[in-house]
Amino acid sequence: MSLNIIQDMADFHKHYGVKAKTLTLSKEHLREYLDFRFRFLEEELNEGKKAVASGNAEEIVDSLIDLVVVALGTLDAYDVDAQQAWEEVYRANMNKKVGVKSSRPNPFGLPDLIKEPGWKAPDHTGNHGIIPKAYEK
């Protein structure tokens, strides 16, 4: 096992043939599989919400990791460079400033990040993998 979760996900998909199979899907099946993966994320999130409500620390941790696994796995299956995408989102987030966003209450006193004028959103141009294939006409 490595300490690189993105590589771990790629190795997992290679081991089980997930990515190789995904790359052969028709555009219709690519859309259906993407919808399936988002429902899978929703299922994991709901399990996490139940764990939070019941105070089950074991299930909270498991749910959070499962969300990461499904999200990274989806990116890998669709041939998106997750490391590149991560770095782009990280860059954008690191260029936010601490402030107050009135539409998002923050009763915890923790730093809240806001987009100041001139802030640039993440740009994933050229890193969409085969997702566009699912929406070709």
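Right, let's walk through the structure included here.

Parameters at a glance
Residues numbered from 1 in each chain as written. Predicted model: local features only at pLDDT ≥ 70, side-chain atom pairs only at ≥ 80, totals over all residues. Heavy atoms only, no water. Helix = DSSP H or I, 4+ residues; strand = E, 2+ residues; numbered from the N terminus. Expected span 1.5 Å × (residues − 1). Buried < 20%, exposed > 50% of the residue type's maximum accessible area, 1.4 Å probe, protein only. Arc of directions from axis to C-beta. Contact = heavy atoms within 4.5 Å. Polar contact = N/O pair within 3.5 Å; in protein donor to acceptor, adjacent residues only side chain to side chain. Axes fitted to C-alpha atoms, helices over the stretch in contact; angles between N-to-C directions. Parallel < 35°, antiparallel > 145°, perpendicular 65-115°, else oblique. Left-handed = near helix turned anticlockwise from the far one by under 90°. Nonpolar A, V, L, I, M, F, W, Y, C, P; charged D, E, K, R; others polar.

### Describing helix α5 (residues 82-94)
Relative to the 18 Å expected for 13 residues at 1.5 Å per residue, α5 spans 18 Å between its end C-alpha atoms, a close match to the ideal helical length. Along α5, the residues that are buried comprise Ala82, Ala85, Glu88 and Ala92. Summarising the axial view, the buried residues of α5 lie within an arc of 130°, below the 170-degree limit, and thus occupy one face. Of the residues in α5, the exposed ones pointing more than 90 degrees away from the buried face are Trp86 and Met94. Each element contacted by the buried residues of α5 is listed here: α1 (5-16) and α4 (57-77). Between the side-chain oxygen of the N-cap and the backbone nitrogen of Gln83 there are 3.1 Å, and the N-cap of α5 in question is Asp81.

### Some details on α4
With 21 residues, α4 ought to run about 30 Å at 1.5 Å a step, and its terminal C-alpha atoms sit 30 Å apart, in line with that. Among all positions in α4, only Ser63, Leu67, Val70, Leu72, Gly73, Thr74, Asp76 and Ala77 are buried. Elements that come into contact with the buried residues of α4 comprise α1, α2 (18-22), α3 (27-54) and α5. At the N-terminal boundary of α4, the capping side chain belongs to Asn56, with an oxygen 3.2 Å from the backbone nitrogen of Glu58. One or two residues past the end of α4 sits Asp79, with phi positive at roughly 60°.

### With respect to the packing of α3 against α4
Running from amino to carboxyl end, α3 crosses α4 at an angle of 170°, the nearest separation of the two axes being 8 Å. The angle between α3 and α4 falls in the class roughly antiparallel. At the point where α3 passes α4, the crossing takes the left-handed sense. Mapping the contact onto sequence places Tyr33, Leu34, Arg37, Phe40, Leu41, Glu44, Leu45, Glu47, Gly48, Ala51 and Val52 in α3 and Glu59, Ile60, Ser63, Asp66, Leu67, Val69, Val70, Ala71, Gly73, Thr74 and Ala77 in α4. A per-class count over the contact of α3 with α4 returns 13 nonpolar, four polar and five charged.

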